[in-house]
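Topology and contacts: notes
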Amino acid sequence: MKTKKFKVISLALMCFAFFSIISCEKNEETTQNEELSIEFEKYELDNGLQVILHQDKSDPIVSVAIRYDVGSNREKTGRTGFAHLFEHMLFQESENVGQDQFFKKIQDAGGTLNGGTGKDATTYFEVVPKNALETVMWLESDRMGYLINTVTESAFVNQQEVVQNEKRQRVDNNPYGHTNWVIDKAIYPEGHPYNWQVIGELVDLQNATVEDVKEFYDKYYGPNNATLVLAGDFETENAKALIEKYFGEIKRRQEVSELQPQRVTLNETKRLYHEDNFARAAQLNMVWPTVEEYTDDAYALDFLGQLLSDGKKAPLYEVLVKDKELTSNVAAFNGAQTLAGAFRIRVTANNGKNLSDVENAIFESFKRFEENGISDKDLERLKAGSETNFYNGISSVLGKAFQLANYSVAAGDPGFVTQDIENIKAVTKEDIMRVYNTYIKDKPYVITSFVPKGQVELIAENSEKAAVVEEEIKDNVEKIVVDTDTEVIKTPSSFDRSVEPAQGVSPKLNIPESWSVTLANDMKVYGIEQNEIPIVNFSMTIDGGHLLDSFDKIGVANLLTDIMMEGTANKTPAELEEEIDLLGASINMFTGRESITISGNTLVRNLDKTLALVEEILLEPRWDEEELKRIKTSTINGIKRSAANPNVVANQVYNKILYGEEHMFAYPTSGTVTSVESITMDDLKAFYNKNLSPSISRFHIVGNINQEKAIKALKNLETNWKAKDVTIPTYEIKNDRDKASLYFVDIPNAKQSVINIGYIDMARTNPDFYASTVMNYKLGGSFSGNVNLILREEKGYTYGARSGFSGTKIPGAFTASSSVRTNTTFESVMIFKDEIEKYKNGISQEDLDFTKNALIKSNARRFETQNALLGMLRTMSAYDLPADYIANEERIVRDMTLEQHKALAQKHLDESKMAYLVIGDAKTQFKQFIDAGFDEVILLDKDAKPVANGLNSEIK
């Protein structure tokens, strides 16, 4: 066993740390020049497994991350998608862990888990209460060394379907979903490891075999190709003993050679276009090949992307957004990976704008960049946020585990953070101009034009049609596979691995101490002091929001929060943006259905200055007409584009069905095209003057600050913001559904159908609400819920299925939902209906015990981060809950009986009165529902209006 101990130290860090894994002295305030460090231990087992340990006893939890040095970059043409497919297979079963038990056992322990595959690596992780550490070691070691004998044809076929559904959901059924495929095929030559997508080609996924999987596992899933990181509250010697016990005897597998960087160049510009079935606006991408990560040029290219596009003074913004009004948003960024990199500019054009004009404007922006150069303040502004990002990155043990693993594998050293910081600090203006001239200026590029179907006149000139392959909708044919040999041959082990380790005593509930006061202006303030990092997170909730819109001016509240972030009476939009950036802070303002929220994140030493800007934003709006024009254009574009997004259509139609057109919730907060076009600055001023008051506001603050200092920081806002009376309208909610109605909205040629099933039930304040959330857990409240286990794990129809209750002080809905393969739409709806009906018959004691364990034990993870604590305060303040409301919830879970569970299900789940909404391809799917036993079957348009005669001749 090879062992090394490290203490990484960076003196005079100042504010230049990105994604760093560094623990700091818990001083009340942290200065820019203090010493920051992380202690970790790295060693290697005899079988080659790399182990990294980092102790953090702030919370009674541990995180385990295992990174395998295999991503889609290890695949071959014709065999793509294997790394990601195999990631799914590792959650199925192993020799000593039963089918679908990985998720269930971790949830039963109060933990969470998942996995992810990228181009360069595959990572699995768990976060659990500390008493479940050995359980994680048992599970992870079993799939590393004791899995392949359990891979059956039937399990493999099932996960093939799941992964194909993931592709349909994320790629095929999304606007611009095929963009990365087109770009990577063009920029990386055939055979290059980045030439294909992580999700793989559909035909490759369909043609994969069990033998392919076994070969892939044997080559890449050995301990000698993996790094295990343990972070959190553990005892070092005990952890080492567990790692040796569970992983030490796993045999090395094939040696995996390290891949070397494979940079690419283009001899000429490649121009490609695609007519996108789901796009409603033209989108242009321009991509230049660059260099791999952690090179000097990669750091400079990161800064180049920000300088070109971030902020009101950025040349791309000035030319494309402000001067030529070609778009409302532009992004430029460098994507450096292990083997190569690419610099990308992405522009979604305003409605009807030609992408040739966008391309020309980008080159005009380059000229402006060359002429204006880079100022010292530009560089200072970009680097200022790095310290805040650094501390945000160490706010959880999982974040630390991820970064230690990444540095260890990608940079060759977990302690690379020190050099990473130095590399960032070392970037100069000259470096940025050099990489611009080396990789971008006058260099060939790939340009893609994705335009709405039938609008090829918008493509960039001289573009050729991209060879995008789109799946044809076919009838569902169930692939029945019978495994001939079900006996699992056990791999020898020095101990009985079939015995699940005992977990010991779970950590007791330990609710953080909180405080609350009411200021002289009637604003309520809630706080929690957490001293782990020198960061403060805050949010102000102003009641009303979308509820205060009028039906003839829907969207005023939403536009108001946008315009209020565009400068103040004393600062231009650019000046306000720059002041926030120089503090390394973030301030956001947005409108929800029932409130307006202002949120922020800043270093504790900059809190006073950050709150001064919040006060200025809130009390001294600029009312900039030029910005309002841009914001309205952007909002209208977003509304039009959302009309082609099946998920957005589903949400909007569902709300209209449930709430009815006389309730404000039937309309999106963004408004409609007509309403937004009609809104004037006077409308915004009137809303502002009438509806924003501290008397309906609640301020929440969490971080390295005590109550006294927090109240002092709010003193000016308390003095200067005067209270007024605000009346928030109420709307009648008709909870009187008496039939099962099937509604269908046509999205022609959709590759998936979006399903929403439910009805209005109860408010969050209803005594049954939390108990019903507990009741729903085994139906669809988690991965191990019945609907997910059937629709995903058994049938392979979907990537995921869930159900749950929503509600605030206003009654919300019970909703069951999923996105399913188009040709399984009917079967999926009927499975949902049947499972909801059966659930009312009650669940087993085993399922109730699982629910209790998952919900009670997970409280150990509930208070780790500042954002989690902020959420706790928001819940307390919104519903006037006591500081120990979580203890009350825990009692509800602990005391629930099978009889209570059944009674709640029978009271709150009635499938015979629910709305069944399907958004999908009506031509192939609608007819099946006509005689399926629903009380009514109605074809709707995207505005929830019945289509004339119910059917049209084409769908018939």
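In case you missed it, the structure is sitting above this.
Residues numbered from 1 in each chain as written. Predicted model: local features only at pLDDT ≥ 70, side-chain atom pairs only at ≥ 80, totals over all residues. Heavy atoms only, no water.

**Description of the overall build of the protein**
This is how it is decided: A run of DSSP states H or I qualifies as a helix once it reaches four residues; a run of E qualifies as a strand once it reaches two. Both are numbered from the N-terminal end. Radius of gyration here uses only the C-alpha atoms, and the compact-globule reference equals 2.2 Å multiplied by the residue count raised to the power 0.38. Between buried and exposed lies partly exposed: a residue is buried under 20% and exposed over 50% of the maximum accessible area for its type, with that area taken using a 1.4 Å probe on protein chains only.
Along the backbone of the protein there are 32 helices and 25 strands. Relative to the compact-globule value of 30 Å for 956 residues, the protein shows a C-alpha radius of gyration of 28 Å, a close match. Projecting the C-alpha coordinates of the protein onto the three principal axes gives extents of approximately 75 × 70 × 65 Å. When each of the 956 residues of the protein is scored for burial, the buried share is 59%.

**A short note on the nonpolar core**
We count it as follows: Each nonpolar core is a collection of buried residues, namely Ala, Val, Leu, Ile, Met, Phe, Trp, Tyr and Cys, held together in the definition by side-chain atoms within 4.5 Å. Whether two residues are in contact is decided by their heavy atoms, any of which lying within 4.5 Å being enough.
Among the nonpolar cores identified, the biggest contains 59 residues, and Phe86, Met137, Tyr221, Leu228, Leu230, Ile243 and Phe247 are the most heavily contacted of them. The leading source of residues in this core is helix 3 (residues 133–145), at 6 residues. Not counting residues within four places of it along the chain, the set of residues in contact with leucine 228 comprises Leu49, Gln50, Val51, Ile52, Val64, Ala65, Ile66, Met137, Ile243 and Phe247. Formed by 53 residues, the second largest nonpolar core is a distinct cluster that contains Met564, Ala585, Met589 and Leu628.

**Brief notes about the sheet that holds strand 15 (residues 524–529)**
Note the following rule: By this definition, two strands are paired if DSSP reports at least two bridges between them. Helix axes are fitted to C-alpha atoms over the stretch in contact, other axes to C-alpha atoms as well, and angles between N-to-C directions run from 0 to 180 degrees.
Spatial strand order, 14-15-19-16-18-17: 6 strands in an open sheet with mixed pairing. Edge strands, defined here as strands with exactly one partner in the open sheet, are strand 14 (515–518) and strand 17 (586–591). Averaged over all neighbouring strand pairs, the angle between strand axes comes to 15 degrees, with direction disregarded.

**Thoughts on the pattern of salt bridges**
How we decide: Any Lys or Arg side-chain nitrogen located within 4 Å of an Asp or Glu carboxyl oxygen qualifies as a salt bridge.
Counting across every chain of the model gives 50 salt bridges. Residues arginine 79 and aspartate 212 are paired through a salt bridge, measuring 3.4 Å at the closest nitrogen-oxygen approach. Here arginine 79, found in the loop between strand 4 (61–68) and helix 1 (82–89), pairs with aspartate 212, found in helix 7 (residues 210–220); they are 133 residues apart in sequence, far enough to count as distant. The exposure class assigned to aspartate 212 is buried, which follows from its relative accessible area of 15%. Lysine 838 is the partner of glutamate 835 in a salt bridge, and the nearest nitrogen-oxygen pair spans 2.9 Å. Of this pair, glutamate 835 and lysine 838 both sit in helix 27 (residues 825–839), separated by 3 residues, roughly a single helical turn. Classification of glutamate 835 by relative accessible area gives buried; the value is 11%. Salt bridges sharing common partners tie together Lys57, Lys130, Asp233 and Glu235.

**Overview of unusual backbone geometry**
At glutamate 325, a residue that is not glycine, the phi angle is positive and equals roughly 50 degrees. Locating glutamate 325 in the fold gives a position in the loop between helix 10 (315–323) and strand 10 (327–336). Using a relative accessible area of 36% as the deciding quantity, one classes glutamate 325 as partly exposed. Although it is not a glycine, alanine 944 adopts a positive phi angle of roughly 70 degrees. By secondary structure assignment, the location of alanine 944 is in the segment after strand 25 (936–940).

**A look at the pairing of strand 4**
In regular strands, side chains alternate between the two faces of the sheet. Counting buried positions over the 8 residues of strand 4 gives 8, a clear majority of the element. A two-sided burial pattern is seen for strand 4, the buried positions comprising Ile61, Ser63, Ala65 and Arg67 on one face and Val62, Val64, Ile66 and Tyr68 on the other. The pairing of strand 4 with strand 6 (residues 122–129) spans 8 bridges and is classified as antiparallel. Residue pairing in the sheet places isoleucine 66 in a bridge with tyrosine 124 of strand 6. Bridging between strand 4 and strand 7 (residues 226–232) involves 7 bridges; their strand directions are antiparallel. Its bridge partner lying in strand 7, serine 63 is registered against alanine 231.

**Section: the sheet that holds strand 9 (residues 283–289)**
The strand order across the open sheet formed by 6 strands is 10-11-9-12-8-13, and the pairing between neighbours is mixed. Sheet topology places strand 10 and strand 13 (464–465) at the edges, where each strand pairs with a single neighbour. As paired strands, strand 10 and strand 11 (residues 341–349) are joined by 8 bridges and run antiparallel to one another. Each residue of the ladder has a partner; that of glycine 335, found in strand 11, is alanine 342. Running at roughly 180 degrees to strand 10, helix 9 (residues 296–309) makes contact with strand 10 and strand 11 of the sheet. Its contacts with the sheet put helix 10 on strand 10 and strand 11, and the angle it makes with strand 10 is roughly 150 degrees.

**Re the environment of lysine 508**
Within the element layout of this structure, lysine 508 appears in the loop between strand 13 and strand 14. For lysine 508 and phenylalanine 551, which are 43 residues apart along the polypeptide, the C-alpha to C-alpha distance reads 50 Å.

**Description of the packing of aromatic side chains**
Two numbers describe a pair of aromatic rings. These are the distance of the centres and the angle of the planes. To keep it simple, the criterion reads: Ring geometry is summarised as follows: Phe, Tyr and Trp rings, the Trp one being its six-membered ring, pair when their centres sit within 6.5 Å, and such pairs are stacked at plane angles under 30 degrees, edge-to-face over 60 and tilted between the two. Two limits define a charge over a ring: the Lys NZ or Arg CZ must be within 6 Å of the ring centre, and within 35 degrees of the ring normal.
In this structure the tally under the stated criterion is 37 aromatic pairs. Ring geometry for phenylalanine 91 versus phenylalanine 103: centroids 5.1 Å apart, planes at 35 degrees, classification tilted. Residue phenylalanine 91 is found in the loop between helix 1 and helix 2 (101–108), and its partner phenylalanine 103 is found in helix 2; the two are separated by 12 residues along the sequence. Each member of the pair phenylalanine 91 and phenylalanine 103 is classed as buried. For the ring pair phenylalanine 91 and tyrosine 124, a centre distance of 5.8 Å and an interplane angle of 50 degrees mean the geometry is tilted. A residue pair is termed long-range when its members are at least 10 positions apart, and phenylalanine 91 in the loop between helix 1 and helix 2 and tyrosine 124 in strand 6 qualify at 33 residues. Each member of the pair, phenylalanine 91 as well as tyrosine 124, carries the same accessibility label: buried. The structure contains a cluster of three or more aromatic residues connected by ring pairs, namely Tyr68, Phe82, Phe86, Phe91, Phe103, Tyr124, Phe216, Tyr217, Tyr220, Tyr221 and Phe783. Above the face of the phenylalanine 495 ring, lysine 245 is positioned so that its terminal group lies 5.0 Å from the ring centre. Looking at arginine 593, its charged tip hangs above the ring of phenylalanine 665, at a distance of 3.9 Å from the centre.

**With respect to the packing of helix 25 (residues 769–780) against helix 31 (residues 898–908)**
Operational definition: Roughly parallel here means an angle under 35 degrees, roughly antiparallel means over 145, roughly perpendicular means 65 to 115, and every remaining angle is called oblique. Amino acids are sorted into nonpolar (Ala, Val, Leu, Ile, Met, Phe, Trp, Tyr, Cys and Pro), charged (Asp, Glu, Lys and Arg) and polar (every other residue, Gly among them).
Between helix 25 and helix 31, the shortest axis-to-axis distance is 9 Å and the interhelical angle comes to 100 degrees. On the basis of their axis angle, the class for helix 25 and helix 31 is roughly perpendicular. In contact with Ala771, Ser772 and Met775 of helix 25, helix 31 contributes His901, Leu904, Ala905 and His908. Residues that form the contact of helix 25 with helix 31 fall into these classes: 4 nonpolar, 3 polar and no charged.

Purely geometric numbers; function is a separate question.
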